[in-house]
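Breakdown of the fold
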Amino acid sequence: MERVPSRVKKALLALAALGLGVAIVLGVMSVRQVGPFAPVEVTIIPEPEPEPEPITRMSVPVTEIPADSVLFFQNNEGGAMLIADMNAGKVPTSCNVLYDEGGSLPDVTVTDPEVITAIYNYLAHVRVSNEEGSYITDAYHHVSFAMQDGTYVTFRFEGGDLAWGAFDYVTTGSGPLWTLVRALQDNQIDIVWED
């Protein structure tokens, strides 16, 4: 039982003196008195939990993909599946990303559909050429999507180049992708240090 403010109690008693049964709802508190000399009952009425809103549309739209995107490179079946699912609104269940600086940064798994969509958009704008790049060790980066059917679509990079089979291919436009990945990693580091 909650304590009722005296002015509320006086108003209730005045109404009760007139012989009226009183039931008043004040926000989340129900106050009841059934007669002039009956005690005042106070009941806390919990507010109902709000219904979660289903995600029907992402605030980060899927963007148009350039023809020389890594998603199209060498008729990649995984890239085609990723494009088809994203265009159908089937966002992967998670995305694991890593921008490696000699093993000093952690990989991060993201499950937020809007962040996954942003990663996809940035990856789609990484352009690749048929020119072979230089081999760089200790700079292994990746973006790996866990698809809704349980399969994985992974893109690996060495330095700034796409690692594909036994070769590395020169890429451009990867800055925004790696900036986002680094921000996710920095956030992960902050979380670890806070514990």
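So, how was this worked out
- Residues numbered from 1 in each chain as written.
- Predicted model: local features only at pLDDT ≥ 70, side-chain atom pairs only at ≥ 80, totals over all residues.
- Heavy atoms only, no water.
- pLDDT = per-residue confidence, 0-100.
- Helix = DSSP H or I, 4+ residues; strand = E, 2+ residues; numbered from the N terminus.
- Contact = heavy atoms within 4.5 Å.
- Pairing = 2+ DSSP bridges.
- Salt bridge = Lys/Arg side-chain N within 4 Å of Asp/Glu carboxyl O.
- Buried < 20%, exposed > 50% of the residue type's maximum accessible area, 1.4 Å probe, protein only.
- Phe/Tyr/Trp six-rings, centres within 6.5 Å; stacked < 30°, edge-to-face > 60°.
- Arc of directions from axis to C-beta.
- Polar contact = N/O pair within 3.5 Å; in protein donor to acceptor, adjacent residues only side chain to side chain.
- Axes fitted to C-alpha atoms, helices over the stretch in contact; angles between N-to-C directions.

**Things to note about the confidence of the model for the protein**
Interpretation of the predicted coordinates at a detailed level should be avoided for regions scoring low in pLDDT. The predicted model of the protein has a mean per-residue pLDDT of 75, with 61% of residues at 70 or higher. When mean pLDDT is taken per element in the protein, strand S4 (residues 94–98) scores highest with 95 and strand S1 (residues 22–26) scores lowest with 42. In this model, residues 19–29 is a region of pLDDT below 50 whose contacts with residues beyond four sequence positions or in other chains number 24 contacts. Here residues 52–59 is a poorly scored stretch, pLDDT under 50, and it has six contacts once near neighbours within four places are set aside; other chains count.

**Considering the pairing of strand S10 (residues 167–172)**
Where strand S6 (residues 127–132) lies against S10, three bridges are found, and the strand directions are antiparallel. When the sheet's bridge partners are listed, Val-128 is paired in S10 with Thr-171. Across three bridges, the pairing between strand S9 (residues 161–164) and S10 is antiparallel. Across the sheet, residue Leu-162 finds its bridge partner in S10, namely Tyr-169. Connecting S9 to the antiparallel partner S10 that follows it, the hairpin turn spans two residues, and Gly-165 within it adopts a positive phi of roughly 65°.

**A few points about the pattern of salt bridges**
Any two side chains of opposite charge can pair, on the condition that their charged atoms come close. By the definition in use, this model includes three salt bridges. Between Asp-68 and Arg-127 there is a salt bridge; the shortest N-O distance is 2.8 Å. Here Asp-68 is found in the loop between strand S3 (41–44) and helix H2 (77–87), whereas its partner Arg-127 is found in strand S6, with 59 residues between them in sequence. Taking the relative accessible area as the measure of exposure, Asp-68 reaches 31% and is therefore partly exposed. When its relative accessible area of 35% is taken as the criterion, Arg-127 is described as partly exposed.

**Things to note about the packing of aromatic side chains**
Scanning all chains against the criterion turns up five aromatic pairs. Each ring, one from Phe-157 and one from Trp-178, has its centre 5.2 Å from the other, and the planes form 85°; the classification is edge-to-face. Here Phe-157, found in strand S8 (residues 152–158), pairs with Trp-178, found in helix H4 (residues 175–194); they are 21 residues apart in sequence, far enough to count as distant. Take Phe-157 and Trp-178: they sit in the same class, and that class is buried.

**Remarks on H2**
Inspection of H2 places Gly-78, Gly-79, Leu-82, Ile-83, Asp-85 and Met-86 among the buried residues, and these make up the whole buried set. Taken around the axis of H2, the buried residues stretch over an arc of 170°, which confines them to a single face. Of the exposed residues in H2, the ones pointing more than 90 degrees away from its buried face are Glu-77 and Asn-87. Of the surrounding secondary structure, the elements contacted by the buried residues of H2 are helix H3 (113–124), strand S7 (140–146) and S8. In this structure Asn-76 caps H2, since a side-chain oxygen of it lies 2.9 Å from the backbone nitrogen of Gly-78. Once H2 finishes, Gly-89 follows within two positions and takes phi at roughly 85°, a positive value.

**Focus on the environment of Pro-176**
With respect to the helices, strands and loops of the structure, Pro-176 is situated in helix H4. Residue class for Pro-176 comes out partly exposed when judged on its relative accessible area of 42%. Separated by 54 residues in the primary sequence, Pro-176 and Tyr-122 place their C-alpha atoms 6.3 Å from one another.

**Points about the sheet that holds S6**
Spatially, the seven strands line up as an open sheet ordered S5-S4-S7-S8-S9-S10-S6, and their pairing is antiparallel. The two strands at the open ends of the sheet, each matched to only one other strand, are strand S5 (108–110) and S6. Within this sheet the neighbouring strands show an average axis-to-axis angle of 30°, counted without direction. Where S4 and S5 come together, three bridges link them in antiparallel fashion. Paired with Cys-95 across the two strands is Val-110, which belongs to S5. Packed on one face of the sheet, H2 meets S7 and S8 and runs near 120° to S8. Across the face of the sheet, H3 comes into contact with S4, S5, S7 and S8 while running at roughly 125° to S7.

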